[in-house]
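Summary of structural features
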Amino acid sequence: MPPYTYIGTGPPPVQFGGVWHLGRSGERVGEPGRYAGVESAIRGFRPCDRCQRGPLFPATVQLTRTHLAEGRATRTAVGQAATNDLGDYRIYGVEPGRYTVGAFFRDNAGVLGLHKRTEPNAAVEGPQTEDYVMTYYPGTRSPAAAAAITLRPGQTTSKIDIQIQIAPSAFIQGSVVNVPDGAGMVQVTLQPAEADGLGPHQMFTLQNGAREFLFKSVPEGNYVLRTDIRAGEQMWSARQEVMVAEAPVRNLILQLQPPFTVAGTVTMEEGAPLPSGLKLNLNGIDRRVPYTAALGSTGGFGIPRLLPDKYSLTVADSAGSVYLKSVSLDDQPRDPSAVALERPPGSLQIVLSDKGGRVIGVAVDKDQRPVGRGLVVMVGTAAGTNASS
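Residues numbered from 1 in each chain as written. Predicted model: local features only at pLDDT ≥ 70, side-chain atom pairs only at ≥ 80, totals over all residues. Heavy atoms only, no water.

**Section: the overall build of the protein chain**
- Counting secondary structure elements, the protein chain contains 1 helix and 32 strands.
- Within the protein chain, the proportion of its 389 residues that are buried is 40%.
- Nonlocal contacts in the protein chain, meaning residues at least 24 apart in sequence, comprise 66% of its contacts between residues at least 6 apart.
- Summed over all atoms, the accessible surface of the protein chain reaches about 20,800 Å², with 51% contributed by carbon and sulfur. (Helix = DSSP H or I, 4+ residues; strand = E, 2+ residues; numbered from the N terminus. Buried < 20%, exposed > 50% of the residue type's maximum accessible area, 1.4 Å probe, protein only. Contact = heavy atoms within 4.5 Å. Areas by Shrake-Rupley, 256 points an atom, 1.4 Å probe, with all protein chains shown as cover.)

Listed below in C-alpha cells is the structure:
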C-alpha cells in the first residue's frame, strides 16, 4: 500500500485534530487524526457439498449508524466502499462512534437466475433459485442482530470480516398498464425498500411494445418496483412495494398515472389556534424529490403534481414551538416518516401539539468542556416516548 495522507476538511467531531499517515506497513504514524476508518475482507461462501470460499469482487460494503429522528430509530448510511480483487475493502474519513457493517454481492449468474437452489422446496412451483443476500457483521441476515463496532479517533479498525450468505431467491413477474400514447421507453426498476439500503438495484426494459417484466432471481427482502416515463410534457409513474420470500411473485400490476394533488388539513390538538409561519414538508424516499407548502391560519393545504412515492412528513414553525403528534391518511393512522402516497388519497390529516416540554442544557465531555457536535437523547420510561435533539 503506497503512502497515504488524509486531512480532515469538515468540523472536527472531537476536541482534537491533526493529520495522520499510513505507512507502507499499514501502521498509523504521526499525530492522532480527526476521523476513523474500518477495513477488512469480504469472503463469499455457498452452503453446498463443494463449498467455494474466496474473495468476492466487487462486493459493496456499507457502514450505517442508528440515530433517533422524531422519536424513532433510523438507520442512515454514512460510508460505502467496493472490495478489490482480494476481497479487501477500506472505508475512511468516518466520524468516531458506533456503527454496523453490511455487505452485498451480485454476479451475472444471479441476475440471470442461474444459481439453482441446492435444496429445492417441493411446495414451491416454478424455477427455484438462490442468491447472495445482504449480510451484516459478524454474519447475520438481520440488521437487528448485527454486532456494533466502535470506531475511535485516528484509528483504523481491522478484521471486520464478513462471509456473505446465500439464501433462497424468487422471481418477480408482472405487467405495466395504462401506458399513455406517445410514451417513451418503458423501464421497470427494482430497488430495496429501505432508503439507502444495499441489495439488488435492477432495471428491466420493455421493448417493442411489450408490457410484461420479469426479474429472474431476487433475494429475500422488501423491495420497491416502480416505473417513471414521460409522455409529451407529462410524467407518468407507478409504484408497488413487494416482499420476496421463497415463493415466486406473479401478476404484479404497475398502473401508470399522471401527477396528482394531495390535500388535507393541519390542526392543533384540542382545537388550539395554529402558530404563524407553519410549513409542511414532504420528502420522497424513492425519488428524493422534496415538496413544501406554506400553511395559512385555517391549516388547509394542497400540494399539486405529486408522483407515487413513500414520503416523510414534517411540520414546523420558525420558533420550534410545536411537534407533529399524528398523521392519518383517509382516516387510517400512518407513520409520518413513511407515508405511502401511491394514488390520489381522499384526505391527509395532520395533528400538531404544543404540549411537549423543553429541556435546555449544555453537553460536556469528561473534562467539562462543551461538546461541539453530538446527539442528545432523552429516554422515556414508556414505549414511544423517546426524543432526540
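There's more to say after this.
**Quick notes on the pattern of salt bridges**
- What the rule picks out here adds up to 14 salt bridges.
- Here R106 makes a salt bridge to D131, at a shortest N to O gap of 2.9 Å. Highlighted residues: R106 in the loop between β9 (97-104) and α1 (108-111) and D131 in strand β10 (residues 129-132), separated in sequence by 25 residues.
- Judged by relative accessible area, R106 falls into the buried class, the value being 19%. (Salt bridge = Lys/Arg side-chain N within 4 Å of Asp/Glu carboxyl O.)

**Details of the sheet that holds strand β19 (residues 221-231)**
- Across the sheet, which stays open at both edges, the 4 strands sit in the order β17-β16-β19-β20 with antiparallel pairing between neighbours. Since the sheet does not close on itself, it has two edges, and those belong to β17 (202-206) and β20 (234-244), each with one partner. Ignoring which end each strand starts from, the neighbouring axes of this sheet average 20 degrees apart.
- The pairing of strand β16 (residues 186-192) with β17 spans 5 bridges and is antiparallel. Bridging from a neighbouring strand, L190 pairs with Q202 of β17. (Pairing = 2+ DSSP bridges. Axes fitted to C-alpha atoms, helices over the stretch in contact; angles between N-to-C directions.)

**What about the sheet that holds strand β27 (residues 323-329)?**
- Spatial ordering of the open sheet is given by β25-β22-β30-β27-β28, a layout of 5 strands whose pairing is mixed. In this open sheet, the two strands that pair with only one neighbour each are β25 (300-306) and β28 (332-334). When strand polarity is set aside, the average angle formed by the axes of neighbouring strands in this sheet is 30 degrees.
- With 5 bridges joining them, strand β22 (residues 260-268) and strand β30 (residues 348-353) adopt parallel strand pairing. In the sheet register, G264 faces β30, and the bridge partner there is L348.

**A look at the nonpolar core**
- The biggest cluster of nonpolar side chains holds 26 residues, and the ones touching the most others in it are L282, F301, L306, L341, I350 and L352.
- Counting only elements with at least two residues in this core, the list comes to β22, β23 (279-284), β24 (290-294), β25, β26 (309-316), β27, β29 (339-341) and β30.
- Here this core gets 4 residues from one element, more than from any other, and that element is β22.
- In contact with L341, not counting residues within four places along its chain, are F260, V262, L282, L306, L307, P308, D309, Y311 and L329.
- If you look at the next biggest cluster of nonpolar residues, it comprises 22 residues, including A170, L190, A238 and V244. (Core = buried A, V, L, I, M, F, W, Y, C linked by side-chain atoms within 4.5 Å.)

**Remarks on the environment of S318**
- Its location among the elements puts S318 in the loop between β26 and β27.
- Looking at S318, the relative accessible area reads 77%, which means it is exposed.

**Concerning unusual backbone geometry**
- A cis amide bond links F57 to the next residue, P58, at an omega of -10 degrees.
- Mapped onto the elements, P58 comes out in the loop between β5 (54-55) and β6 (60-69).
- The linkage connecting Y137 with the following residue, P138, adopts the cis geometry, with an omega of 10 degrees.
- Of note in this structure, K159 is not a glycine but carries a positive phi near 60 degrees.
- Topologically, K159 is positioned in the loop between β13 (156-157) and β14 (162-164).

**Observations regarding the packing of aromatic side chains**
- Here the structure, examined in full by the defined rule, presents 4 aromatic pairs.
- Look at F204 and F215: their rings are 6.1 Å apart centre to centre, the planes differ by 65 degrees, and that puts the pair in the edge-to-face class. Of this pair, F204 sits in strand β17 while F215 sits in strand β18 (residues 212-219); the two residues are 11 residues apart in sequence, bridging distant segments of the chain.
- Between Y291 and Y311 the ring centres are 6.0 Å apart and the planes differ by 65 degrees, which places this aromatic pair in the edge-to-face class. Of this pair, Y291 sits in strand β24 while Y311 sits in strand β26; the two residues are 20 residues apart in sequence, bridging distant segments of the chain. (Phe/Tyr/Trp six-rings, centres within 6.5 Å; stacked < 30°, edge-to-face > 60°.)

**Some thoughts on the side chain of T64**
- In this fold, T64 is placed in strand β6.
- In terms of polar contacts, T64 uses its side chain to reach the side chain of T100, at 2.5 Å.
- In this structure, T64 is in contact with R75, T76, A77, Y99 and T100, ignoring residues within four places of it in sequence. (Polar contact = N/O pair within 3.5 Å; in protein donor to acceptor, adjacent residues only side chain to side chain.)

**A few points about the environment of T76**
- For T76, the location among the structural elements is in strand β7 (residues 72-82).
- Along the chain, T76 and G197 lie 121 residues apart, while their C-alpha atoms are 8.9 Å from each other.

**Description of the environment of R287**
- Residue placement: R287 occurs in the loop between β23 and β24.
- Discounting chain neighbours no more than four positions away, the residues touching R287 are R226, D228, L307 and D309.

**What about the side chain of S353?**
- Mapping S353 onto the fold places it in strand β30.
- The class of S353 is buried, set by a relative accessible area of 1%.
- For S353, the contacting residues outside a window of four places in its chain are M268, E269, S321, V322, Y323 and K325.

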